[in-house]
Amino acid sequence: MKVTVINKKGPKISKYIYGHFAEHLGRCIYGGIYVGEDSEIPNVNGMRQDVVEALKNIKIPVLRWPGGCFADEYHWKDGIGPKETRNKMVNTHWGGVTENNHFGTHEFFELIKQLECDAYVNGNVGSGTVQEMQEWVEYITMAGESPMANQRRENGQDEPWKMKFFGVGNESWGCGGNMRAEYYADEYRRYQTYVRQYGEQPIYKIACGPTVDDYYWTEVLMKNAGRFMDGLSLHHYAMTGAWEDKGPATGFEEKEWWSLIKHAQYMDELITRHSAIMDQYDPEKRVGLIVDEWGTWLAVEPGTNPGFLYQQNSIRDAMVAAITFNIFHKHAERVHMANIAQTVNVLQSMVLTEGAEMVKTPTYHVFDLYKEHHEAEFVESFGDESETITYTISKKDQVMTISICNFSLTENETISIDNINAKSILSAKGIKGEKMDDYNDFSHPETVTIQDVEEVQIFDQTLEVKVAPMSVVTVQVAI
Ligand code: AHR
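Let us look at the structure shown here. (Residues numbered from 1 in each chain as written. Predicted model: local features only at pLDDT ≥ 70, side-chain atom pairs only at ≥ 80, totals over all residues. Heavy atoms only, no water.)

1. Brief notes about the pattern of salt bridges
Under the convention used in this document: We define a salt bridge as a side-chain nitrogen of Lys or Arg found within 4 Å of a carboxyl oxygen belonging to Asp or Glu. A run of H or I in DSSP counts as a helix once it spans at least four residues, and a run of E counts as a strand once it spans at least two, with each numbered from the N terminus. A simple rule labels every residue: compare its accessible area, found with a 1.4 Å probe on the protein chains alone, to the largest value its type can have, and call it buried under 20%, exposed over 50%, or partly exposed in between.
Evaluation of the coordinates by the stated rule reveals 25 salt bridges. With its nearest N and O atoms 3.7 Å apart, the salt bridge here joins Lys 466 to Glu 455. With a gap of 11 residues between them, Lys 466 in strand S25 (residues 462-467) and Glu 455 in the loop between strand S23 (451-452) and strand S24 (456-459) connect regions that are remote in the sequence. By relative accessible area, Lys 466 is classed as partly exposed at 35%. With relative accessibility at 45%, the residue Glu 455 sits in the partly exposed group. One salt-bridge network, in which partners are shared between bridges, spans Glu 37, Lys 83, Arg 86 and Glu 107.

2. Section: the side chain of Asp 72
Note the threshold: Here Asp and Glu are counted as negative and Lys and Arg as positive; His is not counted, and neither are the chain ends. Any pair of nitrogen or oxygen atoms within 3.5 Å is treated as a polar contact; in protein, a donor-acceptor pairing is required on top of that, and neighbouring residues in sequence qualify only through side-chain atoms on both sides. Here, residues are in contact when the closest pair of their heavy atoms is within 4.5 Å.
Within the element layout of this structure, Asp 72 appears in the loop between strand S5 (62-65) and strand S6 (89-91). The side chain of Asp 72 is buried and forms no salt bridge, while Arg 64, the nearest opposite charge, is found at 7.3 Å. Here the side chain of Asp 72 touches Gly 126 through a polar contact of 2.7 Å, landing on its backbone nitrogen. Sequence-distant contacts of Asp 72, defined by excluding residues within four places in its chain, comprise Gly 123, Asn 124, Val 125, Gly 126, Ser 127, Gly 169, Asn 170 and Gly 176.

3. Looking at the packing of helix H2 (residues 105-115) against helix H3 (residues 130-141)
Cut-off, in case you're wondering: In this analysis an axis means a line fitted to C-alpha atoms, helices contributing only their contacting stretch, and an angle means the value between N-to-C directions, from 0 to 180 degrees. The scheme is simple: roughly parallel for angles under 35 degrees, roughly antiparallel for over 145, roughly perpendicular for 65 to 115, oblique for anything else. Handedness of a crossing follows from how the near helix is turned relative to the far one, being left-handed for an anticlockwise turn of less than a right angle and right-handed for a clockwise one.
Two numbers describe how H2 lies on H3: the axes approach to 12 Å, and their chain directions differ by 50 degrees. What the angle tells us is that H2 and H3 run oblique. H3 is crossed by H2, and the crossing has right-handed handedness. Taken together, the residues of H3 that come into contact with H2 (itself represented by Thr 105, His 106 and Phe 109) are Trp 136, Tyr 139 and Ile 140.

4. A few points about the site of the ligand
The line we're drawing: One heavy atom suffices: a residue is near a molecule or strand as soon as one of its heavy atoms comes within 4 Å of it. For every accessible area listed, the method is Shrake-Rupley and the probe measures 1.4 Å; residues are considered covered only by the protein chains on display.
Contacts to the ligand come from Phe 21, Glu 23, Gly 68, Cys 69, Trp 94, Asn 170, Glu 171, Tyr 237, Glu 293, Trp 297, Gln 342 and Leu 347. Interatomic distance of 2.7 Å between a side-chain N/O atom of Glu 23 and an oxygen atom of the ligand. Between an oxygen atom of the ligand and a side-chain N or O atom of Glu 293, the distance comes to 2.7 Å. Expressed as a share of its isolated accessible area of 280 Å², the protein-covered part of the ligand is 94%.

5. Here's the deal with the packing of aromatic side chains
Note the cut-off: A pair of aromatic rings is counted whenever rings of Phe, Tyr or Trp (Trp by its six-membered ring) have centres within 6.5 Å, and the orientation is called stacked for planes under 30 degrees apart, edge-to-face for over 60 and tilted otherwise. As a reminder, the over-ring test applies to NZ of lysine and CZ of arginine, requiring each to be within 6 Å of the ring centre and within 35 degrees of the ring normal.
Following the criterion strictly, the structure yields 30 aromatic pairs and no others. Their ring planes at 5 degrees and their centres at 6.2 Å tell us that Trp 76 and Trp 136 sit as a pair that is stacked. Highlighted residues: Trp 76 in the loop between S5 and S6 and Trp 136 in helix H3, separated in sequence by 60 residues. Each member of the pair Trp 76 and Trp 136 is classed as buried. Between the aromatic rings of Trp 294 and Phe 328, the centroid separation amounts to 5.6 Å while the plane-to-plane angle is 85 degrees, which identifies the pairing as edge-to-face. Within this pair, whereas Trp 294 is found in strand S14 (residues 288-296), its partner Phe 328 is found in helix H8 (residues 315-330), the two being separated by 34 residues in sequence. Here the two residues Trp 294 and Phe 328 agree in accessibility, since each one is buried. Stacked on the ring of Tyr 310, the Lys or Arg Arg 27 has its end atom at 5.0 Å from the ring centre. It is Lys 246 that lies over the ring of Trp 243; its NZ or CZ is 4.1 Å from the centre.

Structure, rendered in structure tokens:
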């Protein structure tokens, strides 16, 4: 494939496109992130240090919490104060297990501090009151004297925390209240009024957006509430099989390789069409399309709780991640943030844990390979459904970063990039699969891992990269 770089100024690729999502679901928070101060698993203030370090390495920019569907049943006051007196609840959505609320607001912001990332808190519209939401924002962000700020101090936190993003409800068309678009648009207007700015930092308010291709929802929200929001969410999961009988994460057939990839590529059409509606009401692209749930949703691992959504993660998931990033980059002007579901032990996760053990997934390595695109200037991307190759080129300072994904099962691909003015190759790294369901587990943690890539050369003005089948490669060149 031949590519010619055209030197025109592109939009910035927000680092928030590489955001994450952690819900009170299965073993994501409990066991996966938070083990408690008394655990024998190495931790700082209850947070697993192996997981925190792994996430810092991929420069996690933002974490969304506490849900998901859980958010619209979560009553934040149950999660503050001494742990032994915190109210328990039933996590009705996810396995009907008892939630002891030991991970609450203080623990979340401790995690944010350790990860050195920004906070995205999702409020409860479905079963919570306006007052409850207002008081949560006051508790988190109010510096001066106030009932909520005083309560926060009594619970050991003097200074307010920084909360950059706030979601007003989650999937309000479904698990968040089964609302109609018109009704939610009005509720959004009312609830967001009381998401007050107490500190200096404005809060970026995110309205619940459509599921997949519900273009009507986008239209109604933008028309009736567009001027009250900073972002509108979009959820789309890539799947194989039927909703009630999803295809497996490993041990799948070749046709399931292609069907998952096709479903992931559908993200491009979704963003294009939702953006076109948003453009009518917001041609300046002030309102971000926030893809705050995306990733693969496959069958749970045999023998695990079906409500815990624990799935393996193969080189096929890595392809989905790279394909999706290249789509997000292409739409960088409208897609201001995205959050993969979910960080640990749930759906398309970064790491899997079992007791004290942790393993990095192939998806983790794609986040690692793509981290140089954070805040870089978009140059070009390609993702035509007729080809089995997709790439992004971006530029930061005097470095050009090229990430290429070859999702052919059999064919090598050589990509020649003209007019790139490369002076030298700084690095060339990648991951590749030998089998289409190669994955990492606790006994084979490095079946898929980042390795140096040799087949990269500069001839005059051209950079040539040979990309193996089932692989993702990132090359950096000095320009
Ligand atoms: O990520 C799992 C669930 O998927 C979330 O709780 C919900 O918002 C979505 O339906």
